[in-house]
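The lines below spell out each chain.
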Amino acid sequence: MSSDDVRTNRTSWEAGSADYQQRNASQLNRWDRLGWGTWDIPEDEIGALGDVDGVEALELGTGAAQFGIKVAMRGARITGLDFSANQLAQAAANMAETGVRFPLVCASAEELPFPDASFDLVFCDHGATSFTDPHVTVAEAARVLRPGGMFVFDIATPFIAIAWSEDDDEPPSRVHRRAYFDLGRSVYHDEDGDSVEWQLTYGQWIRLFRANGFAIEDLIELRPEPEATSTYDLAPLKWARDYPGEHIWKVRKA
């Protein structure tokens, strides 16, 4: 692992992997639907990835490979990467069930074990782009992408980050609980141990993309439908209908 924070997060995910997969299986293992984020917003509605047929793609934070399997079903040639061996071990049953197989690599998104210009697409639905230092991970994504390649990833927004309490034990509020300009590295505590998450301000994200040769194509703010359900507890439905809790950055390597 490339840093103490990555090792901390790996320990947390190794401890909580089985419970996470069991708790969210009904949503993650819907093979008929490629959806983004905690509300499973359909890719067919937002077009974050677009046509991936024949595309050489790397998924960061692939977990048990559910999202990657669904992208592979659309014709992409996937490599899945995750730093949790326990998460990756659970991918075998999903690949057996669907008949979709692709290589899985146990490594950190901060140190991608691939040559320069290996992929046309790097993507992530939460996961690695939240639990690693974006100053390192964005640079690594740029390195392994070919010119014109896309980096598409879903994360929590700065909006929800300032609505959470400092100790993350309450749902997001309709008033600010944290200072926007203090966003960055945060440490959270739960039954699986400590975890470290990152969030930047909008200006910091934009400058980081530009510094690594990315042009911004879109920022897709995810809004669930009025009757949406979720196995996750990121935010109550009413809050998520009123405020953007998750968004997808879509950037292209110049």
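The coordinates are above.
Below, the structure is looked at part by part. (Residues numbered from 1 in each chain as written. Predicted model: local features only at pLDDT ≥ 70, side-chain atom pairs only at ≥ 80, totals over all residues. Heavy atoms only, no water.)

1. What to know about helix H1 (residues 4-28)
Within an α-helix, residues lying three or four positions from one another point in the same direction, as the helix has 3.6 residues per turn.
For step 1, the next point in the chain: With 25 residues, H1 should reach 36 Å at 1.5 Å per residue; the first-to-last C-alpha distance of 29 Å falls well below that figure.
For step 2, the next point in the chain: Roughly 55 degrees is the biggest bend found in H1, and it falls at Gly16. (Helix = DSSP H or I, 4+ residues; strand = E, 2+ residues; numbered from the N terminus. Expected span 1.5 Å × (residues − 1). Bend = angle between axes of the 7 residues up to and from the residue.)

2. Digging into the sheet that holds strand E10 (residues 214-222)
For step 1, the next point in the chain: Within the open sheet, the seven strands sit side by side as E5-E4-E3-E6-E7-E11-E10. Their pairing is mixed. The outermost strands of the open sheet, each flanked by one partner alone, are strand E5 (104-106) and E10. Strand after strand, the sheet turns through a mean of 15 degrees between neighbouring axes, direction not considered.
For step 2, the next point in the chain: Pairing geometry for E10 and strand E11 (residues 246-253), over eight bridges, is antiparallel. Looking at the pairing, Phe214 lines up with Lys253 of E11. (Pairing = 2+ DSSP bridges. Axes fitted to C-alpha atoms, helices over the stretch in contact; angles between N-to-C directions.)

3. Some remarks on unusual backbone geometry
For step 1, the next point in the chain: With a phi angle near 55 degrees, Ala117 is a residue other than glycine that sits in the positive phi range.
For step 2, the next point in the chain: Residues other than glycine seldom take positive phi values, yet His126 does so here, at roughly 60 degrees.
For step 3, the next point in the chain: As for its placement among the helices and strands, His126 is situated in the loop between strand E6 (119-125) and helix H6 (128-131).

4. Notes on helix H5 (residues 91-98)
For step 1, the next point in the chain: Within H5, burial applies to Ala91, Asn94, Met95 and Thr98. Down the axis of H5, the smallest arc covering the buried residues is 100 degrees, so these residues share one side. Away from its buried face, by an angle of more than 90 degrees, H5 presents the exposed residues Ala93, Ala96 and Glu97.
For step 2, the next point in the chain: On the buried face of H5, the contacting elements are helix H3 (66-72), helix H4 (85-89) and E5.
For step 3, the next point in the chain: Looking one or two residues past H5, Gly99 carries a phi angle of roughly 75 degrees, positive in sign. (Buried < 20%, exposed > 50% of the residue type's maximum accessible area, 1.4 Å probe, protein only. Arc of directions from axis to C-beta. Contact = heavy atoms within 4.5 Å.)

5. A few points about the pattern of salt bridges
For step 1, the next point in the chain: Scanning the entire structure with this criterion turns up 14 salt bridges.
For step 2, the next point in the chain: Across the salt bridge formed by Arg74 and Asp44, the nearest N and O atoms sit 2.8 Å from each other. Placement of Arg74 in the loop between H3 and strand E4 (77-82) and of Asp44 in helix H2 (residues 43-46) is noted, with a sequence separation of 30 residues between them.
For step 3, the next point in the chain: The class of Arg74 is partly exposed, set by a relative accessible area of 31%.
For step 4, the next point in the chain: Because the salt bridges share partners, they merge into one network encompassing Asp116, Glu140 and Arg143. (Salt bridge = Lys/Arg side-chain N within 4 Å of Asp/Glu carboxyl O.)

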